[in-house]
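Structural characterization, general
Single-letter residue listing:
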Number of protein chains: 2
Amino acid sequence: MNDQIGRGRPQLLFLTDEQLRKGIEAMYFAYRGFTADPDRILDQRGYGRAHHRALHFIHQSPGTTVNNLLSTLGVTKQSLNRVLRTLIEEGLVEAQVGTRDKRERHLHLTPSGAALERDLSEVQRERMRSAYREVGPEAVRGFRMVLEAMMDPDMRRQFNRMKESEE
Amino acid sequence: MNDQIGRGRPQLLFLTDEQLRKGIEAMYFAYRGFTADPDRILDQRGYGRAHHRALHFIHQSPGTTVNNLLSTLGVTKQSLNRVLRTLIEEGLVEAQVGTRDKRERHLHLTPSGAALERDLSEVQRERMRSAYREVGPEAVRGFRMVLEAMMDPDMRRQFNRMKESEE
DNA sequence: TTGGAATGTCAACAAGACTGACATAAAATC
DNA sequence: GATTTTATGTCAGTCTTGTTGACATTCCAA
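This part is about the sheet that holds strand β2 (residues 93-97) of chain A. Residues and elements named next belong to chain A. Strand order in the open sheet formed by 3 strands is β1-β3-β2, with antiparallel pairing between adjacent strands. Two strands bound the open sheet, and with one partner strand each, they are β1 (64-65) and β2. Looking at chain direction, β2 and strand β3 (residues 105-109) are connected through 5 bridges and run antiparallel. Counted as the bridge partner of A95 is L107 from β3. Packing against the sheet, helix α2 (residues 49-60) makes contact with β2 and β3, and its axis sits at approximately 100 degrees to β3.

See the structure below:
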């Protein structure tokens, strides 16, 4: 550790375990705030976070397959299936049998699914927007850099793939 | 919205809904990374995230009461009680009946509880340390600012109270 | 001193994750 | 053409962690 003295990155010496611990706690409390608003909306409609995640990623990658979604979300098919079944039954998501490969189901949001997704993401965006406004663009850049550096390499790749396909 | 042009904070005009959406996603993936390491340790020992949270906050505020912990964690007392019971039964946490008010239980980590807490927080700190190293101290400052700005006001107060009592 | 408030415990239930087993249909391979 | 692999769906059962309701204990104030 001490071999960093006078050799570069000296600032890092100021990050004590206790300071890192506060970072951990900040992450915990911030994530709770981050999910609080959509949770309220979901609760009213009888859905949970699992439904939110499915809606989010179907919105982001329309026509994605069940298997794709599975690996993005990192849950089992049984778990995802329960959620998808209710979303399809209640007309928020549509599953189209693939044309090239008929085993696949391509997932899309229906208008009412898109409407709920919009409501959910809007409250979340609003919280983020107001946080961003409070701290300024320089802090936001730092925020995004740290978040990305904290992801597992697999997720980070996936995250960046999705980012590219959009720009 | 447009009234901001030429009046300050013009940068914020570049934060489109899609960019905010990517921020949301980054938060989701980063949180998964953030919990992945301790989850593995917990799993081996047959505990869950709820146990981790209890250990963390008892470590941070030794002698805290069940009620205190309740409001910090934002769960019902029944839910916390189940977790506390197993931690006490297995000798990781000690509950001392209050001397002034015998209704209260003051919670402390035993040596083995402190050891597990250290293991859990160490892997989490290590992830954070390496992310911080990757992006540099300026980005870290921004990260912390955004996290704090995203918390609900109540949690933010609590977070800052705990921060003070330490410095 | 007694009744209400505060604190904590026990029991039962629900959501949503998991594993394992199995079914079906389609595609790919031999 | 037969066989294997892949994609998806379903049933059953378990676990964690949240919930509510009922209850015991303790404290305090009227």
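Quick look at the packing of helix α3 (residues 66-73) of chain B against helix α4 (residues 77-89) of chain B now. Residues and elements named next belong to chain B. Two numbers describe how α3 lies on α4: the axes approach to 10 Å, and their chain directions differ by 115 degrees. On the basis of their axis angle, the class for α3 and α4 is roughly perpendicular. Viewed along their axes, α3 and α4 form a crossing whose handedness is right-handed. In this structure, α3 uses V66, L69, L70 and L73 to contact α4, whose residues at the interface are K77, L80 and L84.

Contacts between the two partners involve 65 residues from chain A and, on the opposite side, 64 residues from chain B. The tally of links between chain A and chain B comes to 10 salt bridges. For the pair chain A and chain B, the interface holds 20 residue pairs in polar contact (both at pLDDT 80 or more). Per-element accounting of the side of chain A that touches chain B gives the leading share, 19 residues, to helix α1 (residues 17-45) of chain A. Taken together, the residues of the side of chain A that touches chain B break down into 31 nonpolar, 14 polar and 20 charged.

Cut-offs and rules
- Residues numbered from 1 in each chain as written.
- Chains lettered and ligands numbered in written order.
- Predicted model: local features only at pLDDT ≥ 70, side-chain atom pairs only at ≥ 80, totals over all residues.
- Heavy atoms only, no water.
- Pairing = 2+ DSSP bridges.
- Helix = DSSP H or I, 4+ residues; strand = E, 2+ residues; numbered from the N terminus.
- Contact = heavy atoms within 4.5 Å.
- Axes fitted to C-alpha atoms, helices over the stretch in contact; angles between N-to-C directions.
- Parallel < 35°, antiparallel > 145°, perpendicular 65-115°, else oblique.
- Left-handed = near helix turned anticlockwise from the far one by under 90°.
- Salt bridge = Lys/Arg side-chain N within 4 Å of Asp/Glu carboxyl O.
- Polar contact = N/O pair within 3.5 Å; in protein donor to acceptor, adjacent residues only side chain to side chain.
- Nonpolar A, V, L, I, M, F, W, Y, C, P; charged D, E, K, R; others polar.

These figures come from the coordinates and say nothing about function on their own.
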